[in-house]
Amino acid sequence: MKWSLSEFLLLLEIRSQCWCFVDLGMDAGFNIPHNDTIMFYGLIEGEATITGIPGGAITLKPGDIAMIPGGDAHAIRTHHQSKVEVFDFLCTNEYIDTPPSFRIGTAQLGARLLCSRMKVRWPAGQRPEALPPLLRIAAANAIVSVDVLERLAIERAGGGKDPR
């Protein structure tokens, strides 16, 4: 079945949101096993590389956004030799509206990310094959500001009271 973009977005249902901030040391990283969610990453500061996705590794700079809509297993590191561990918090089915902060690694800060796991109900029950394994938006082209997302996540506890 084929839909226009607006029809597709109207049929898309996102639930089970889970947000958090992750501070990665210069010696650290985390991995996410294959899953049935959309993973979202917004780089706040530093530099981080996403590996393990089809198409090869990508490096995120401050303000960049990456989404992995297909549930592909992947890792995020600050250095290509950084040790990684499964980040259990983003692998659970909890609903978290107030984003907690996590520190991974012991070395000085290498990157700060806003991360999210979103459960999705795809139109027709499956992810469209034409959807790429990675959606990336460079800071210069973003219509969403990672800085604003960070500020609102802290001020509004993930979408609670409107500060106006």
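Before going into details, it helps to say that this report is about the structure given with it. Not measured: the values here are computed from a predicted model.

**A short note on the pairing of strand E7 (residues 74–77)**
Part 1 of the argument: The two faces of E7 match: His74 and Ile76 on one face and Ala75 and Arg77 on the other face are all buried.
Part 2 of the argument: One ladder, built from four bridges, connects strand E2 (residues 28–32) with E7; its direction is antiparallel. Note on E7: the bridge partner recorded for Asn31 is Ala75.
Part 3 of the argument: Relative to E7, strand E4 (residues 48–51) is paired through three bridges, and the arrangement is antiparallel. Among the inter-strand pairings, Thr49 is bridged to a residue of E7, identified as Arg77.

**A look at the pairing of E2**
Part 1 of the argument: Of all five residues in E2, four are buried; the element is thus mostly enclosed.
Part 2 of the argument: As judged from the four bridges shared by E2 and strand E8 (residues 83–86), these two strands associate in the parallel manner. Bridging across to E8, Gly29 finds its partner in Val84.

**Some points on the sheet that holds E8**
Paired through their backbone hydrogen bonds, the strands of a sheet run either parallel or antiparallel.
Part 1 of the argument: Overall, mixed pairing links the five strands, which are arranged E5-E4-E7-E2-E8 in an open sheet. Edge positions in the sheet fall to strand E5 (58–60) and E8, since each of these pairs with one other strand and no more. Looking at each pair of strands side by side, their axes are set apart by 25° on average, direction ignored.

**Focus on the side chain of Asn35**
Part 1 of the argument: With respect to the helices and strands, Asn35 occurs in the loop between E2 and strand E3 (37–46).
Part 2 of the argument: Among the residues examined, Asn35 registers a relative accessible area of 18% and is labelled buried.
Part 3 of the argument: Polar side-chain contacts of Asn35 include one of 2.9 Å to the backbone oxygen of Pro33.
Part 4 of the argument: Among the polar contacts made by the side chain of Asn35, one reaches the side chain of Thr37 at a distance of 2.5 Å.
Part 5 of the argument: Here Asn35 is in contact with Gly70 and Gly71, once residues within four sequence places are set aside.

**Focus: the pattern of salt bridges**
Side-chain pairs of opposite charge can arise whenever the charged atoms involved come near each other.
Part 1 of the argument: Throughout the structure, instances matching the rule amount to four salt bridges.
Part 2 of the argument: For the salt bridge of Asp23 with Arg112, the shortest nitrogen-to-oxygen distance reads 2.7 Å. In this pair, Asp23 is assigned in strand E1 (residues 13–25) and Arg112 in strand E10 (residues 109–121), connecting sequence segments 89 residues apart.
Part 3 of the argument: The exposure class of Arg112 is buried, given its relative accessible area of 14%.
Part 4 of the argument: The partner of Glu47 in a salt bridge is Lys61, and the shortest N-O contact between them spans 2.6 Å. Placement of the pair is Glu47 in the loop between E3 and E4 and Lys61 in the loop between E5 and strand E6 (65–68), with a sequence separation of 14 residues.
Part 5 of the argument: On the basis of relative accessibility, which here comes to 37%, the residue Glu47 falls in the partly exposed class.
Part 6 of the argument: A relative accessible area of 42% places Lys61 in the partly exposed class.

How each quantity is defined
Residues numbered from 1 in each chain as written. Predicted model: local features only at pLDDT ≥ 70, side-chain atom pairs only at ≥ 80, totals over all residues. Heavy atoms only, no water. Buried < 20%, exposed > 50% of the residue type's maximum accessible area, 1.4 Å probe, protein only. Helix = DSSP H or I, 4+ residues; strand = E, 2+ residues; numbered from the N terminus. Pairing = 2+ DSSP bridges. Axes fitted to C-alpha atoms, helices over the stretch in contact; angles between N-to-C directions. Polar contact = N/O pair within 3.5 Å; in protein donor to acceptor, adjacent residues only side chain to side chain. Contact = heavy atoms within 4.5 Å. Salt bridge = Lys/Arg side-chain N within 4 Å of Asp/Glu carboxyl O.

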